[in-house]
Amino acid sequence: MKRELGITVKKDENFSEWYSQVVQKAELADIRFGIQGFIVHRPWGFFIIRKIYEYLEEEVEKQCHLPYLFPVAVKEDDLKREKDHAGFTPNVFWISEAGEKKLEERFALRPTGEAQIYPLYSLWFRSYKDLPFKGYQSRISAFRNEMTTRPFLRGREFLFFETHNVFNRHEEALEQIKEDLDTCKKVIGEKIKLPFLYFKRPEWDKFSGADDTYTPDTLMPDGKRNQLASTHDLGQNFSKAFNIKVKGKDEKEQFVWQTCFGPGIWRIMAALIGIHGDNNGLVIPSDMSPLQIIIIPITFSNKEAESKKVIELCRKIESSLKKIGYRTKFDDSEDTPGFKHNKWELFGVPIRVEIGPKEAKNKTVSLALRTENKKRQLKLSNLEKEIKKLLSKLDKDIESKANEYFKNNTRNSNSLKDLKELIKKYKGFIKVPFCSVKNDGEKCADILKAETDGAYVCGTLYPKEEKVSPNSKCIICNKKAEHTVYVAKSY
Ligand SMILES: [Zn+2]
């Protein structure tokens, strides 16, 4: 049986098909589970996702967040308690029966955490001395009834991570927002090597129930915006709705200030696949790859003695690299060297080591980085020492390639006509002068969306908003432009 291997389309010619093939052929997810929008996370993909979780957990715990675990269920009235937040209800899954019986009180599968967590917060804090409080949930799912679904971009069940923080004063909440953005920089930027911009969302596009929403957004290879996380200044909206109060120093009861932060685990995964991958498949930062080094033997059936030496050497190298902590595998399967080469390239293994009779005789190895199109010859005695340098070279390659694409895809425009052309030709981020990011600007955003076949006002740069030149006008209504906003097509 011929096994189908390799990506059959080019990434820049048909990104959507390329993405689907990588997800399937690199065994990241299986969409054949049988219920639409519910996918199986396969081992190769889930290892990478678990790394994303580990990085986030490590960072938020440095900021004194502690983990907890809430049930998957939410009470119906809790879901509807904050009036804007109740906007989630049309998309929630309801559990209304058990066996043959109707439940007395139906409940929902959590669409997000606020409505299930905050009723308990109203019981946990009594005094200003109980605050600040920083809790988080990790490695869990949330559920929404999405009509169109794609692995790691949109699902009816999707992986979740959330922090929920409670403060005595608004200033502390704003500090937390900055810490969240710093977490994004450290995890998404430094570890996962994904470039992004921080936006403050326009007023009409905030998280339901939030005073302000901030997001790091990246660009996928097809030029569409992918929101990687969000952090929200919840003000006192939820504390008033859920009655979360503490006694202040002055003995008076006061509503608390809250923030919540939700990195999109799936969205980050989708960006990693899309942005780092190439025509041959997946490319993974070295610390995130399930295997860091694959050893491929080149043997010949008519040269038994030499082949034996090759195999012995492969095993020796495997065990010595494992001993110093690298995730290493000797691929001794019956597939041909060519097949193994293509397979591990498709799976994105950072380093391929090839050993044939020549290498065994000369005490050398032939080695290739996933990000390079060349083979290097190394002395066997130098291998252990060189691996570390080579992995860091690979990480730098990944980072600079991603940054280059990102930089080249931010453009300026001063007219709707020009914007329409740019969106059509390149997509990407386009900066335009715009009248207002308060609710009165929504009308212009709607017109912009209709005129550009769906482009979206992402918001203004944060924390430092870009200046608008004094005489510029909103590209839609022609009124004085108060802001430079970024526009993009969106996932
Ligand atoms: Zn306008």
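Scoring rules and cut-offs
- Residues numbered from 1 in each chain as written.
- Predicted model: local features only at pLDDT ≥ 70, side-chain atom pairs only at ≥ 80, totals over all residues.
- Helix = DSSP H or I, 4+ residues; strand = E, 2+ residues; numbered from the N terminus.
- Rg over C-alpha atoms; globule rule 2.2 N^0.38 Å.
- Buried ≥ 20, exposed ≤ 12 C-beta atoms within 10 Å, placed from the backbone.
- Axes fitted to C-alpha atoms, helices over the stretch in contact; angles between N-to-C directions.
- Parallel < 35°, antiparallel > 145°, perpendicular 65-115°, else oblique.
- Left-handed = near helix turned anticlockwise from the far one by under 90°.
- Contact = placed C-beta atoms within 7 Å.
- Nonpolar A, V, L, I, M, F, W, Y, C, P; charged D, E, K, R; others polar.
- Domains from an automatic or database assignment.
- Pairing = 2+ DSSP bridges.
- Core = buried A, V, L, I, M, F, W, Y, C linked by C-beta atoms within 7 Å.
- Expected span 1.5 Å × (residues − 1).

Topic: the overall build of the chain
From N to C terminus, the chain includes 13 helices and 24 strands. Here the C-alpha atoms of the chain give a radius of gyration of 26 Å, agreeing with the 23 Å that 2.2 N^0.38 yields for 491 residues. Overall, the chain is about 85 × 55 × 50 Å in size when its C-alpha atoms are taken along their principal axes. Across the 491 residues of the chain, 44% fall into the buried class.

Structural notes on the packing of helix α2 (residues 43–62) against helix α7 (residues 265–276)
Contact pair α2 / α7: the axes reach a minimum separation of 10 Å and the direction vectors enclose 120°. By the criterion of interaxial angle, the relationship of α2 to α7 is oblique. For the pair α2 and α7, the sense of crossing is right-handed. When α2 is examined against α7, the residues Ile 48, Ile 49, Ile 52 and Tyr 53 are found in contact with a partner set consisting of Ile 265, Ile 268, Met 269 and Leu 272. The residue makeup of the contact of α2 with α7, split by class, is eight nonpolar, no polar and no charged.

So, the domain arrangement of the chain
Split by domain assignment, the chain resolves into domain 1 (15–276), domain 2 (293–406) and domain 3 (411–488). Its C-alpha centre places domain 2 at a distance of 49 Å from the equivalent point of domain 3.

Quick look at the sheet that holds strand β20 (residues 376–379)
With mixed pairing, the five strands of this open sheet are ordered in space as β17-β16-β18-β19-β20. With one partner strand each, in any of the chains shown, β17 (328–330) and β20 form the two edges of the open sheet. Direction aside, neighbouring strands of the sheet carry axes that sit 25° apart on average. Sheet topology places strand β18 (residues 351–355) next to strand β19 (residues 364–369); four bridges connect them, and they run antiparallel. Pairing of Glu 354 across the sheet is with Ser 366, part of β19. Across the sheet, helix α9 (residues 337–346) touches β16 (293–297) and β18, and the angle it forms with β16 is around 170°. Across the sheet, helix α11 (residues 383–408) lies against β16, β18, β19 and β20, angled at about 10° from β19, the strand it touches most.

Describing the nonpolar core
The biggest cluster of nonpolar side chains holds 127 residues, and the ones touching the most others in it are Met 269 and Val 487. In terms of residue count, α7 provides more of this core than any other element does, nine residues in total. Not counting residues up to four positions away in its chain, the partners in contact with Val 487 are Leu 419, Ile 430, Val 432, Leu 448, Ala 455, Tyr 456, Val 457 and Cys 458.

A short note on helix α5 (residues 170–191)
In this model, α5 (22 residues) spans 31 Å end to end at C-alpha, consistent with the 32 Å of a helix rising 1.5 Å per residue. Buried residues of α5: Ala 173, Gln 176, Ile 177, Glu 179, Asp 180, Thr 183, Cys 184, Val 187, Ile 188 and Lys 191, and no others. In this structure, the buried side of α5 is in contact with α2, β8 (157–167), β10 (212–219), β12 (229–235), β15 (257–263) and α7. Within two residues after α5, Lys 193 carries a phi angle of roughly 65°, on the positive side.

Description of the pairing of strand β23 (residues 456–461)
Side-chain direction in a regular strand flips from residue to residue, so the side chains alternate between the two faces of the sheet. By the bridge criterion, two bridges tie strand β9 (residues 197–200) to β23 in an arrangement that is antiparallel. Bridge pairing in β23 places Lys 200 opposite Thr 460. Two elements, β23 and strand β24 (residues 483–488), share three bridges in a ladder whose sense is antiparallel. Across the sheet, Val 457 pairs through a bridge with Val 487, a residue of β24.

Digging into the sheet that holds strand β4 (residues 73–75)
Ordered in space as β4-β6-β5, the three strands form an open sheet in which the pairing is antiparallel. What marks the edges here is a single partner per strand, and that holds for β4 and β5 (94–98). Adjacent strand axes in the sheet meet at a mean angle of 50° when their direction is disregarded.

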